[in-house]
Amino acid sequence: MSWHFALVAAVTSAAGAQPPVADAPKRSDLDETWTVRLEPSVWYMAPSGRVLLPGSPGGADSTRLEALNLDSPRLSPTAELHVRNESWRFGLLGTYFEINDRLSFADEPGQIGGVPVATGDPLRASLSFFSMEATAAYVLPTPDWLAGKPGDRFRARGEVVGGFRVYDVDFDVRTLSGPVGGGGFFVEPLVGTKLTMDLVERVTIDFQATLSGFPGGGGREVYGFDLLVGFMWRPVENVGLQFGYRQQAFGLASGEGTEHFDWRGAMAGVYGGLVIRF
């Protein structure tokens, strides 16, 4: 029976002498084929700009949002959903912001919408803002030295992005002489680019910029510029943490004459949240 033990010992020794198998490269966003990504976040953002409410006479000045105490930052919900195959990515991005019953005092006599105000009059203003976009993105050809391969420390990918964005905004201002308000629903096409880079293992940065606009006629106009820079760290394979900065600038106008509404402004601030990949 001794030859049996000798054979077992030889096989065991040979197996133990094999070189260890290298760990497989961690899967990067740049290696995704068919995947679904959900990105719930909070955006600490503040509105800015100037608004002209319906009822204002011709030539009237618009009102600064800070004069209405509407420029305070708020934590607001935002979420993204992306579906990708090797060459295409389809996405949805939605954001909601609301600020209510903000007290301010008129710093000079004038008019807000169709309502006159005197210096020192109390004003109570509210704003709701909803934005949503649907996009399709296509991966651009990338040189091998930039695209890299799985396991490389630095890799990059560029995309061209197209789609449309909608806004739903509403202003309400209450004065001693009565309430005034305005807003509307706006739709615009958009086009832009996105750059995604792996910097080190499990750390990704992306940069996206889009331009949008649609001249509707009849006093209706909408245009925008959206800039987003984000960082993501994946402590585990399919769950990550992300943070970044976003500025969404726009011009929204509708109506003619005394029915004209116009907001030229932006929503901007930092955000943070999760990335869940299926």
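Structure shown above.
## Focus: the nonpolar core
Counting 31 residues, the largest nonpolar core has Phe171 and Trp263 as the members making the most contacts within it. If sequence neighbours within four positions are ignored, Phe171 has contacts with Val51, Leu53, Leu65, Leu70, Ser126, Leu127, Val180, Gly181, Gly182, Phe261 and Trp263.

## Things to note about the side chain of Ser131
By the element assignment, Ser131 lies in strand 7 (residues 122-139). Judged by relative accessible area, which is 3%, Ser131 ranks as buried. There is a polar contact of 2.9 Å between the side chain of Ser131 and the side chain of Gln248. Dropping the residues within four chain positions of it, Ser131 is found in contact with Leu93, Gly94, Thr95, Arg165, Val166, Tyr167 and Gln248.

## Regarding the side chain of Arg84
Note on placement: Arg84 falls in strand 3 (residues 74-84). Here the side chain of Arg84 touches Glu159 through a polar contact of 2.3 Å, side chain to side chain.

## Thoughts on the packing of aromatic side chains
Counted by the stated rule, this structure contains 11 aromatic pairs. Following the ring pairs from residue to residue traces out a cluster consisting of Phe129, Tyr167, Phe171, Phe186, Phe250, Phe261 and Trp263.

## Description of the pattern of salt bridges
Under the criterion given, the structure shown has 15 salt bridges. A salt bridge links Arg84 to Glu159, with the shortest nitrogen-to-oxygen separation between them at 2.3 Å. Linking Arg84 in strand 3 with Glu159 in strand 8 (residues 155-175), this pair joins segments that are 75 residues apart in sequence. One exposure class covers both Arg84 and Glu159, and it is buried. Because the salt bridges share partners, they merge into one network encompassing Glu133, Arg165, Glu188, Asp226 and Arg246.

Quick notes on the rules
- Residues numbered from 1 in each chain as written.
- Predicted model: local features only at pLDDT ≥ 70, side-chain atom pairs only at ≥ 80, totals over all residues.
- Heavy atoms only, no water.
- Core = buried A, V, L, I, M, F, W, Y, C linked by side-chain atoms within 4.5 Å.
- Buried < 20%, exposed > 50% of the residue type's maximum accessible area, 1.4 Å probe, protein only.
- Contact = heavy atoms within 4.5 Å.
- Helix = DSSP H or I, 4+ residues; strand = E, 2+ residues; numbered from the N terminus.
- Polar contact = N/O pair within 3.5 Å; in protein donor to acceptor, adjacent residues only side chain to side chain.
- Phe/Tyr/Trp six-rings, centres within 6.5 Å; stacked < 30°, edge-to-face > 60°.
- Salt bridge = Lys/Arg side-chain N within 4 Å of Asp/Glu carboxyl O.

Structural measurements only, silent on function.
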